[in-house]
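Residue strings, one per chain:
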Amino acid sequence: MDEETIERVRTAVQSIPPGQVATYGDVADVSRAPSPRLVGRVLSEDGHDLPWHRVLRANGTCAPHLAREQLELLRAEGVLADDGKINLRQYRWAAVPPPEEPPSLF
DNA sequence: GTTTTGACGGAGA
DNA sequence: TTCTCCGCCAAAA
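Within every chain, residues take consecutive numbers counted from 1 along the sequence as written. Chain letters and ligand numbers both follow the written order, the letters beginning at A and the numbers at 1. Totals for whole chains, interfaces and linings use all residues, but because this is a predicted model, local features are given only for residues with pLDDT of at least 70 and pairs of side-chain atoms are given and counted only at 80 or more. Side-chain metrics in this entry use all non-hydrogen atoms of the structure; hydrogen atoms and water are not considered.

The name given to chain A in an unreviewed UniProt entry is Alkylated DNA nucleotide flippase Atl1, with Crossiella cryophila as the source organism.

In structure tokens, the structure reads:
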């Protein structure tokens, strides 16, 4: 895997402002990761220095093992969860993709 | 070299 | 609305 992709993923996660959250798909999209699963893998392996608690699943829930920590950390930032689920419509991060887009072929 | 699994997303039931 | 199945890419066994 390209180290740059990992770096972009980490940058994207760090770009999430407090009080807001993003989904794995969003992070994968803005970081141009090949797959959302790569985001989870990157966070799992190298996400110790990142605000990983601001990254949730597409449906607003989080991973079972992390749910408690996630909710607690997010709660400290003002992101309240209802029944273990977060209103993405309210807290979803307005992800802005980097200007580096795939070049036009002509 | 192949097979399995994972901090996931989306569609179908 | 929630649950299940399939597809996705990469690393580990």
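So, next bit.
J.: I keep staring at the environment of Arg54 and nothing clicks. Help me out?
T.: Within the secondary structure, Arg54 is located in the loop between helix H3 (36-46) and strand S2 (55-56). By relative accessible area, which is 10% here, Arg54 ends up buried. Separated by 40 residues in sequence, Arg54 and Gln14 place their C-alpha atoms 9.3 Å apart. Any two residues whose heavy atoms approach within 4.5 Å at even a single point are treated as in contact. Every residue in contact with Arg54, bar those within four places of it in the chain, is listed here: Ile16, Pro17, Pro18, Gln20, Val21, Ala22, Leu74 and Glu77. What qualifies as a polar contact is a pair of N or O atoms within 3.5 Å, subject to a donor-acceptor requirement within protein and to the restriction that residues adjacent in sequence count only when both atoms come from side chains. Separated by 2.8 Å, the side chains of Arg54 and Glu77 make a polar contact. Working definition: helices are DSSP H or I runs of at least four residues, strands are E runs of at least two. Numbering for both runs from the N terminus. A 1.4 Å probe rolled over the protein chains alone gives each residue an accessible area, and that area as a share of the maximum for its type sets the label: buried under 20%, exposed over 50%, partly exposed in between.

J.: Looking at this model, I keep getting lost on the side chain of Thr23. Mind explaining?
T.: Within the secondary structure, Thr23 sits in strand S1 (residues 22-23). The class of Thr23 is buried, set by a relative accessible area of 1%. Residues in contact with Thr23, not counting those within four places in the same chain, are Val55, Leu56, Arg57, Ala58, Leu88 and Arg92.

J.: Teacher, can you tell me more about the protein's contact with DNA strand B here?
T.: Nearness is judged by heavy atoms alone; a residue qualifies as near a molecule or strand once a single heavy atom is within 4 Å of it. Every one of the 15 residues lining DNA strand B counts as a neighbour, but Arg37, Arg41, Ser44, Ala58 and Leu66 are closest to it. A share of 43% of the atoms of DNA strand B within 4 Å of the protein falls on sugar and phosphate groups. Here a phosphate oxygen of DNA strand B sits 3.3 Å away from a polar atom, N or O, in the main chain of Gly25. Within the side chain of His65, a nitrogen or oxygen atom sits 3.2 Å from a sugar or linking oxygen of DNA strand B. Those elements giving two or more residues to the surface near DNA strand B turn out to be helix H2 (24-30) and H3. When residues in the surface near DNA strand B are grouped by element, the largest group, six residues, is from H3. Across the surface near DNA strand B, the residue classes tally to seven nonpolar, five polar and three charged. Note on residue classes: Ala, Val, Leu, Ile, Met, Phe, Trp, Tyr, Cys and Pro are nonpolar, Asp, Glu, Lys and Arg are charged, and everything else, Gly too, is polar.

J.: How do you make sense of the packing of helix H1 (residues 3-14) against H3 when you look at a structure like this?
T.: For any two helices packed against each other, one specifies the inter-axial angle together with the distance between the axes. Convention adopted: a line fitted to C-alpha atoms gives each axis, helices being fitted over their contacting stretch, and angles between N-to-C directions are expressed from 0 to 180 degrees. Packing of H1 against H3 brings their axes to within 10 Å, and their N-to-C directions diverge by 85 degrees. If you check the angle between H1 and H3, you find them roughly perpendicular. Contact with H1, carried on its side by Ile6, Val9, Arg10 and Val13, involves Val39, Val42, Leu43 and Asp46 of H3 and no other residues of that element. Considered class by class, the residues forming the contact of H1 with H3 number six nonpolar, no polar and two charged. Throughout this description, any angle smaller than 35 degrees is read as roughly parallel, any larger than 145 degrees as roughly antiparallel, any in the 65 to 115 degree range as roughly perpendicular, and the remainder as oblique.

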